[in-house]
Amino acid sequence: MTTASVAQRSSAFARPTAKTGVWSWMTTVDHKRIGIMYGVTAMVFFVLGGVEALLIRLQLATPEGQVLSADQYNQLFTMHGITMIFLVVMPLGAAFFNYMMPIMLGARDVAFPRLNAFSYWAFLGGGIFMYSSFFINQAPDGGWFGYAPLSVKLPGHGMTVYALGLIILGISSTVAAVNFLTTIVNMRAPGMSLMRMPVFVWMTFVVQFLLVFALPVLTVALFQLLFDRTLGTQFFGDSTSNPILWQHLFWLFGHPEVYILILPAMGIVSEILPVFSKKPLFGYPVVVFSGIAIGFMGWGVWAHHMFAVGLGPVANTAFALSTMFIAVPTGVKIFNWIGTLWGGSIRFKTPMLFSLGFIAMFIIGGLSGVTHAIVPHDYQQTDTYYIVAHFHYVLFGGAIFGLFAGIYYWWPKITGKLLDERVGRLHFWLMLIGFNLTFAPFHILGLQGMARRTYQYPKNYGFDFWNLVSTVGAFVIALSILTFFWNVIKTRKRGETAGADPWDGRTLEWTIPSPPPEYNFAEIPVVHALDDFWHRKYVEDKEGRLVPVPAGAQEAAGHATEGYGGDDHGIHMPSQSYMPLIAAIGLPIVGWGITFEQYWLAIVGGVVTFAGLYAWALEPSTEELH
Amino acid sequence: MAVEHVPPAEAGGHATSTGLDNVKIAMWAFLGSEFLLFGAMISTYLLYRNRAVTGPKPADVYDIPFTSVSSFVLLMSSLTMVLALAAIQRGDHHKTRVWLLATALLGMTFISGQIYEFTIFVQEGFTVRSSPAGSAFFVLTSFHGAHVTIGILMLLSLVAMSLRGALPQSRHTTVEYVGLYWHFVDIIWIIIFTVIYLVPS
Ligand code: HEM
Ligand SMILES: [Cu+2]
């Protein structure tokens, strides 16, 4: 496959070889670098989504707020929701899938490195495309779930951008999911059976299944919306159209999506609790199977988002029951986490604090969620701030806390430097307090009847006090995020060096140097047990206490302490490539072309993408370097 | 094990956990996703096929004998695809090219039939805009048509590669994966054809 003659080409089409600098990042196919790019990009969008949230809260701080116009308000809460879900939580999860999952499996890379780079660039392209709509002051304004027929009729380009942007992001996520599925099925190190995979990898696995099967349903709904808006089809606009077709399709995607957002965080927490309790995860198989159960059951409950639509008592009862049942595997997981903590020797390091914060906030969010399953309650709560409280407890208190736990936990592996513990703790406590200050009052406001997506509320409705409290809380959250960035800056130069295994870890990523070499493992590890690395470090004495393996035996057992790092034994990694980037650049160009009905531009974009894909299919994945 | 000249991915011959090739697993996962894509569009069609106050309903315009013939043509292309794969596995490059071309030609015939059919329908007032039924019909069938077109492009690329000598016998799996996609598109058409033309509304 690789021939010397190809490498000697020195034309404009030669393969890129830069190892440092901007070009090396633009052309990289290394899963670790792609993971970092996902993480950094998601953080940028997190700041944007946060600024939008602060503007919303400023508007609502006082009755009859004058900060924003109604129009701007609609754009801001819509973009805030879209940003947080599709451009922050999903890609932050993907950052960890990319960086950690192959290493935890004992692999050198994902199954398709160039496809992986394409996923990232398509994600970035989709995000830029969505945000470009702010420049013409026509950002999406129909809510993150874009209900048709309203979204068909909204004037301006906003909802066209919404449909096209989510289609692009869907392409990105689908190809990434296919890639990760293949990686987990096929790239495990010898001995890494499915039931020896770390829980994080298991949850990644379930998420990829959900993505592969849930996203196409959304894609269809988005195409229908897009065609209704641009080609004049009649999916939603005709008098004989079904007014809730969109809702069915959207929530058939949307409910699994909730688990797509939360399962990675659950996986991360399931990795962290054992490490900082010095105990194996309580009931590993149960945690795995409850994750799979959640994955399956996630499909059967979509219509609980539609109780108020009037599906009829039978359908409502069926979906109420299925919704209550899905709380069971979730409860089982919480039980397992508490069982892991029970009797452990707990170290309250920052990753652990965020994990505990995750569990506590997620329980609150889960409980208020179960109250929606009771249909009469839901009639009362739906489209009020009570719902807004509920999903922020799950998505922020759950997903974001869990993802920050992961950031603190794996930061030393990724950068080689430890984050500062004191600043980390400050970040945690500010975020926990700010979070509850912001969102706990939403429960009260909701029960008092404050409607969701309210742009102004009148004086003397009793809404003033709690809204002000909430706005103050939002700024405390913003402060906590600033402390995080301060921590990053502060420790970049002066941080403590981490070493390969700073937390006394249990899984394979801690066996290789921090940061890992490009090829991860100089020698592919052989796995003998769940938490293999731990068993190479510790044995139980006669009383069942943990004792370290004696130093000599450790050497004999293999590379227990210095790990599998070491010299490059002439390992060949896939070569860098321009093609994923070129193929992805075409996508937003197609988007702009269709949005502005400049079909020549759409064709140009299509040609760029097609050319990129074609050249990619013809170029070999590796080229001999001389 | 220490000296590995095989990159971890995309290269043939690397040991995998299941013994199956990465591309094969990825292809199956991708096709699973496509299945739901068409599933959602077919569901929409079933919901909407009778929804037309103005303009003709689907059942008023269909020409079932015509579409049956073009469906048969598409089905035959699965046969020629199988023959193409068998040929390259034998190392018979001439036959490989012949059967690949035949498959592509059958696919093009099907697409031409679809274009002809669409033209007639539009003349009779059944269009994407005429009613929800029209929208559902045209979007579903033209998505399928787009899939066939992509398949044709892949087949022609394989022929071109083969002519340039870039498709040796050892790369028969490439033909196999294109074939997998092609058979999938055929099977989906059988479902669409049954649902749209044969199930009475
Ligand atoms: C800085 C912290 C945050 C604050 C202060 C905040 C505030 C708000 C407010 C006030 C609304 C309601 C707007 C309205 O209904 O009029 C809202 C909506 C929303 N938020 Fe947040 N939020 C924050 C973080 C997050 C995070 C982390 C996520 C998800 C991961 C998220 C997801 C959503 C979604 C999906 C909506 C619904 C948008 C819609 O109605 O279409 N938010 N947020
Ligand atoms: Cu739900």
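As the structure is a computational prediction, the values presented were derived from the model and not from experiment.

Engineer: I'd like a rundown of the overall build of chain B, residues and numbers included.
Structural biologist: For chain B, the count of helices and strands is six helices and zero strands. The N-to-C order of helical and strand elements in chain B reads α-α-α-α-α-α. Projected onto the principal axes, the alpha-carbon positions of chain B cover approximately 70 × 35 × 25 Å. Relative to its full complement of 201 residues, chain B shows a buried share of 49%. Counting only contacts in chain B whose residues sit at least 6 apart along the sequence, the fraction spanning at least 24 positions is 78%. For chain B, the exposed area adds up to about 8900 Å²; of that, 69% sits on carbon and sulfur atoms. Averaging the positions of the 10 positive and the 11 negative side-chain charges in chain B gives two centres separated by 2 Å.

Engineer: Quick one: what's the story with the overall build of chain A, residue by residue and with numbers?
Structural biologist: Across its full length, chain A holds 20 helices and two strands. The C-alpha atoms of chain A give 25 Å as radius of gyration, which agrees with the globular expectation for 626 residues (25 Å, within 12%). With the C-alpha coordinates of chain A rotated into their principal frame, the extents come out at 75 × 65 × 50 Å. Among the 626 residues that make up chain A, the fraction classed as buried is 61%. Within chain A, contacts between residues at least 6 apart in sequence are counted, and of these 82% link residues at least 24 apart. As displayed, chain A has an accessible area near 23200 Å², and 69% of this comes from carbon and sulfur atoms.

Engineer: Hey, could you go over the coordination of the iron atom of ligand 1 for me, with residue numbers and the actual values?
Structural biologist: All names here are of chain A. Binding of the iron atom of ligand 1 to the protein goes through His80 (NE2) and His392 (NE2), at separations of 2.0 Å. Coordination at the iron atom of ligand 1 is octahedral: its six donor atoms span angles of 87 to 179° at the metal. One end of the pair, His80, is in helix 4 (residues 70-105); the other, His392, is in helix 14 (residues 385-415), with 312 residues separating them in the sequence. Overall, the relative accessible area of 14% leaves His80 in the buried class.

Engineer: Tell me about the coordination of the copper ion (ligand 2), and name the residues and values.
Structural biologist: All names here are of chain A. Coordination of the copper ion (ligand 2) by the protein comes from His255 (ND1), His304 (NE2) and His305 (NE2), over a distance range of 1.6 to 2.0 Å. In the primary structure, the donors to the copper ion (ligand 2) are separated according to the pattern H-x48-H-H. A residue pair is termed long-range when its members are at least 10 positions apart, and His255 in helix 9 (residues 245-277) and His305 in the loop between helix 10 (284-297) and helix 11 (313-341) qualify at 50 residues. Overall, His255 belongs to the buried group, its relative accessible area being 6%. Classification of His305 by relative accessible area gives partly exposed; the value is 27%.

Engineer: Run through the interface of chain B and chain A, naming residues and quoting values.
Structural biologist: By convention, interface size is frequently given as the accessible area that disappears when the constituent parts associate. Facing the 45 residues of chain B at the interface are 49 residues of chain A. With both sides pooled, the region where chain B packs onto chain A buries about 3900 Å², and carbon together with sulfur makes up 65% of that total. In this structure, the connection of chain B to chain A is made through zero salt bridges. Applying the counting rule to chain B against chain A returns 14 residue pairs in polar contact (both at pLDDT 80 or more). Listing elements by their share of the side of chain B that touches chain A, those giving two or more residues are helix 1 (22-48) and helix 5 (132-163) of chain B. Per element, the largest residue contribution to the side of chain B that touches chain A is 15 residues, and it comes from helix 1 of chain B. Partitioning the side of chain B that touches chain A into residue classes produces 28 nonpolar, twelve polar and five charged.

Engineer: So what's going on with the site of ligand 1? Residues and values would help.
Structural biologist: All names here are of chain A. The environment of ligand 1 is formed by 26 residues, the closest being Tyr73, His80, Trp144, His392 and Arg453. Between ligand 1 and Trp144 there is a distance of 2.8 Å, counted from an oxygen atom to a backbone nitrogen or oxygen. For ligand 1, a nitrogen atom lies 2.8 Å from a polar atom in the side chain of His392. Counting residues per element, the ones that place at least two in the shell around ligand 1 are helix 3 (31-60), helix 4, helix 14 and helix 15 (421-448). In terms of residue class, the shell around ligand 1 is built from 17 nonpolar, six polar and three charged.

Engineer: Kindly report on helix 5 of chain B, identifying the contributing residues and their values.
Structural biologist: All names here are of chain B. Given a rise of 1.5 Å per residue, 32 residues ought to cover 46 Å, and the 47 Å separating the end C-alpha atoms of helix 5 matches this to within 8%. Burial analysis of helix 5 places 23 of its 32 residues in the buried class, which makes it a mostly covered element. Positive backbone phi, approximately 75°, marks Gly165, located one or two places after helix 5.

Engineer: So what's going on with the nonpolar core? Which residues, and what values?
Structural biologist: A:Phe358, A:Phe404 and B:Phe137 are the most contacted members of the largest nonpolar core, which has 243 residues in total. Top element by residues in this core is helix 4 of chain A. It accounts for 23 residues. Those residues in contact with A:Phe404, other than ones at most four positions away along the chain, are A:Met43, A:Phe46, A:Phe354, A:His427, A:Met431, A:Ile481 and A:Phe484.

Engineer: Lay out the confidence of the model for chain B in plain terms, naming residues and giving numbers.
Structural biologist: A low pLDDT means the predicted coordinates there should not be read in detail. Residue and element names in this part refer to chain B. Averaged over every residue, the pLDDT of chain B is 90; residues scoring 70 or more account for 93%. In the predicted structure, residues 1-13 sits below a pLDDT of 50 and forms 40 contacts with residues beyond four places in sequence or in another chain. Interface confidence for the predicted complex, given as ipTM, is 0.92, next to a pTM of 0.94.

Engineer: Explain a nonpolar patch on the surface to me, using residue names and the numbers behind them.
Structural biologist: All names here are of chain B. The grouping of Phe35, Phe72, Leu75, Met76, Leu79, Leu83, Ile187, Ile190 and Ile191 at the surface amounts to a nonpolar patch, some 770 Å² of accessible area in total. Of all the elements, helix 3 (residues 64-90) adds the most residues to the nonpolar patch, at five residues. On the secondary structure map, Phe72 appears in helix 3.

Engineer: Describe in detail the pattern of salt bridges, supporting the description with residues and values.
Structural biologist: Side-chain pairs of opposite charge can arise whenever the charged atoms involved come near each other. Taken as a whole, this structure holds 14 salt bridges over all chains when the rule is applied. A:Lys278 is the salt-bridge partner of A:Asp504, the closest N and O atoms lying 3.1 Å from each other. On the criterion of sequence distance, the pair formed by A:Asp504 in the loop between helix 16 (464-494) and helix 17 (532-537) and A:Lys278 in the loop between helix 9 and helix 10 is long-range, its members being 226 residues apart. Across the pair B:Asp92 and B:Arg90 runs a salt bridge whose closest N-O atoms are separated by 3.7 Å. Residue classification places B:Asp92 among the partly exposed positions, given a relative accessible area of 25%.

How each quantity is defined
- Residues numbered from 1 in each chain as written.
- Chains lettered and ligands numbered in written order.
- Predicted model: local features only at pLDDT ≥ 70, side-chain atom pairs only at ≥ 80, totals over all residues.
- Heavy atoms only, no water.
- Helix = DSSP H or I, 4+ residues; strand = E, 2+ residues; numbered from the N terminus.
- Buried < 20%, exposed > 50% of the residue type's maximum accessible area, 1.4 Å probe, protein only.
- Contact = heavy atoms within 4.5 Å.
- Areas by Shrake-Rupley, 256 points an atom, 1.4 Å probe, with all protein chains shown as cover.
- Lys, Arg positive; Asp, Glu negative; His and termini not counted.
- Charge placed at Lys NZ, Arg CZ, Asp CG, Glu CD.
- Rg over C-alpha atoms; globule rule 2.2 N^0.38 Å.
- Donors = N, O, S within 2.8 Å, 3.2 Å for Na, K, Ca; no water.
- Tetrahedral: all angles 85-135°; square planar, octahedral: opposite > 155°, others 65-115°.
- Buried area = accessible area lost by both parts, 1.4 Å probe.
- Salt bridge = Lys/Arg side-chain N within 4 Å of Asp/Glu carboxyl O.
- Polar contact = N/O pair within 3.5 Å; in protein donor to acceptor, adjacent residues only side chain to side chain.
- Nonpolar A, V, L, I, M, F, W, Y, C, P; charged D, E, K, R; others polar.
- Near = heavy atom within 4 Å.
- Expected span 1.5 Å × (residues − 1).
- Core = buried A, V, L, I, M, F, W, Y, C linked by side-chain atoms within 4.5 Å.
- pLDDT = per-residue confidence, 0-100.
- Patch = residues over 30% accessible without salt bridge, like charges linked within 9 Å, V, L, I, M, F, W, Y side chains within 5 Å.

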